Amino acid sequence: MILAFNGSSIDGSAYTYVVNLAHDSPAWLDSLVSAWSTYGLALFAVLMLVGWWQARRSSAQAAMVALAVPVIVVVAFGVNSLFKMVVREDRPCQSLHVKTLEACPAPGDWSFPSNHTVIAAAAAVALLHVSRRLGTIALLGACLMAVSRVWVGAHYPHDVAAGVLVGTLVAMLLTTLARRLSDPLAARLTDSRLLRPLLVSA
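Residues numbered from 1 in each chain as written. Predicted model: local features only at pLDDT ≥ 70, side-chain atom pairs only at ≥ 80, totals over all residues. Heavy atoms only, no water.

Trainee: Please explain the overall build of the protein chain as it appears in this structure.
Mentor: Within the protein chain one finds 9 helices and 0 strands. Summarising the internal contacts of the protein chain: among those between residues at least 6 apart in sequence, 80% fall at separations of at least 24. For the protein chain, the exposed area adds up to about 10700 Å²; of that, 69% sits on carbon and sulfur atoms. (Helix = DSSP H or I, 4+ residues; strand = E, 2+ residues; numbered from the N terminus. Contact = heavy atoms within 4.5 Å. Areas by Shrake-Rupley, 256 points an atom, 1.4 Å probe, with all protein chains shown as cover.)

Trainee: Sorry, what's going on with the packing of helix H6 (residues 115–128) against helix H7 (residues 132–151) here?
Mentor: If you want to describe how two helices pack, look at the angle between their axes and the distance between the axes. With their axes 7 Å apart at the nearest point, H6 and H7 run at an angle of 165 degrees to one another. Here H6 is positioned roughly antiparallel relative to H7, judged by the angle of their axes. Crossing of H6 against H7: the hand is left-handed. Across the interface between the two elements, His116, Thr117, Ala120, Ala121, Ala124, Leu127 and Leu128 from H6 touch Arg132, Gly135, Thr136, Ala138, Leu139, Ala142, Met145, Ala146 and Arg149 from H7. (Axes fitted to C-alpha atoms, helices over the stretch in contact; angles between N-to-C directions. Parallel < 35°, antiparallel > 145°, perpendicular 65-115°, else oblique. Left-handed = near helix turned anticlockwise from the far one by under 90°.)

Trainee: For this particular structure, what's the right way to read the packing of aromatic side chains?
Mentor: Between two aromatic rings, the relevant description is the distance of the centres plus the angle of the planes. Per the counting criterion, the structure on display carries 3 aromatic pairs. Their ring planes at 50 degrees and their centres at 6.4 Å tell us that tryptophan 36 and phenylalanine 44 sit as a pair that is tilted. Centre to centre, the rings of tryptophan 52 and tryptophan 53 are 5.7 Å apart; their planes meet at 70 degrees, and the pair counts as edge-to-face. Given a relative accessible area of 43%, tryptophan 53 falls into the partly exposed group. In this arrangement the basic side chain of arginine 56 is found over the ring face of tryptophan 53, its NZ or CZ atom lying 4.6 Å from the centre. (Phe/Tyr/Trp six-rings, centres within 6.5 Å; stacked < 30°, edge-to-face > 60°. Buried < 20%, exposed > 50% of the residue type's maximum accessible area, 1.4 Å probe, protein only. Lys NZ or Arg CZ within 6 Å of the ring centre and 35° of its normal.)

Trainee: Looking at this structure, how should I read the pattern of salt bridges?
Mentor: Pairing between side chains of opposite charge can happen when their charged atoms approach one another. A full pass over the atoms with the stated rule returns 2 salt bridges. Residues aspartate 109 and arginine 91 are paired through a salt bridge, measuring 2.9 Å at the closest nitrogen-oxygen approach. Of this pair, aspartate 109 sits in the loop between helix H5 (92–95) and H6 while arginine 91 sits in the loop between helix H4 (60–87) and H5; the two residues are 18 residues apart in sequence, bridging distant segments of the chain. A relative accessible area of 36% places aspartate 109 in the partly exposed class. (Salt bridge = Lys/Arg side-chain N within 4 Å of Asp/Glu carboxyl O.)

Okay, here's the thing in structure tokens:
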């Protein structure tokens with residue numbers, strides 16, 4: 001048997017309250033939240049693509065930062081995966097044995113922090129450095145993603161709170177680095193016929 005941390009003592013009552021609220025809510029609302037929880041990350045991919053396309057029309061340096069956003073998200077996911085392996089917290093549906101909108105993952109699919117929330121938060125914070133408008137949309141989407149992961153029963157509230165923190169910190173650190181490196185890298189890459197279209201609009 002795998003030894004795992006039981007996070008229900010932290011905010012299990014808040015989690016149970018949200019899950020019960022979901023059961024008492026209209027079916028259309030649960031379906032909407034479940035759909036967003038499952039497929040909502042696709043919006044962030046679209047926003048990253050739009051951000052890069054717009055940044056090419058601004059400057060090569062801006063395009064470099066925009067191209068760094070997906071890399072930042074992947075790194076944030078990797079850092080979060082390490083946290084999951086270290087903490088090894090059971091999913092709340094396993095510890096509390098409650099019926100949830102989302103199927104309860106198998107044991108070993110750790111809960112802390114929330115991957116979905118980390119990805120959404122990292123994308124939102126990084127996109128703010130590309131476009132205020134796109135970043136604001138992404139921030140709203142990240143908040144909705146965090147709430148939805150608790151609503152469908154996949155995570156405790158502290159899981160998504162930690163996910164926001166991890167995603168934000170990683171994105172802030174790497175975006176600052178990307179902005180510092182964008183000038184020298186952009187100057188080199190724009191000299192390449194192959195890579196120039198990635199940074200400069202024709």
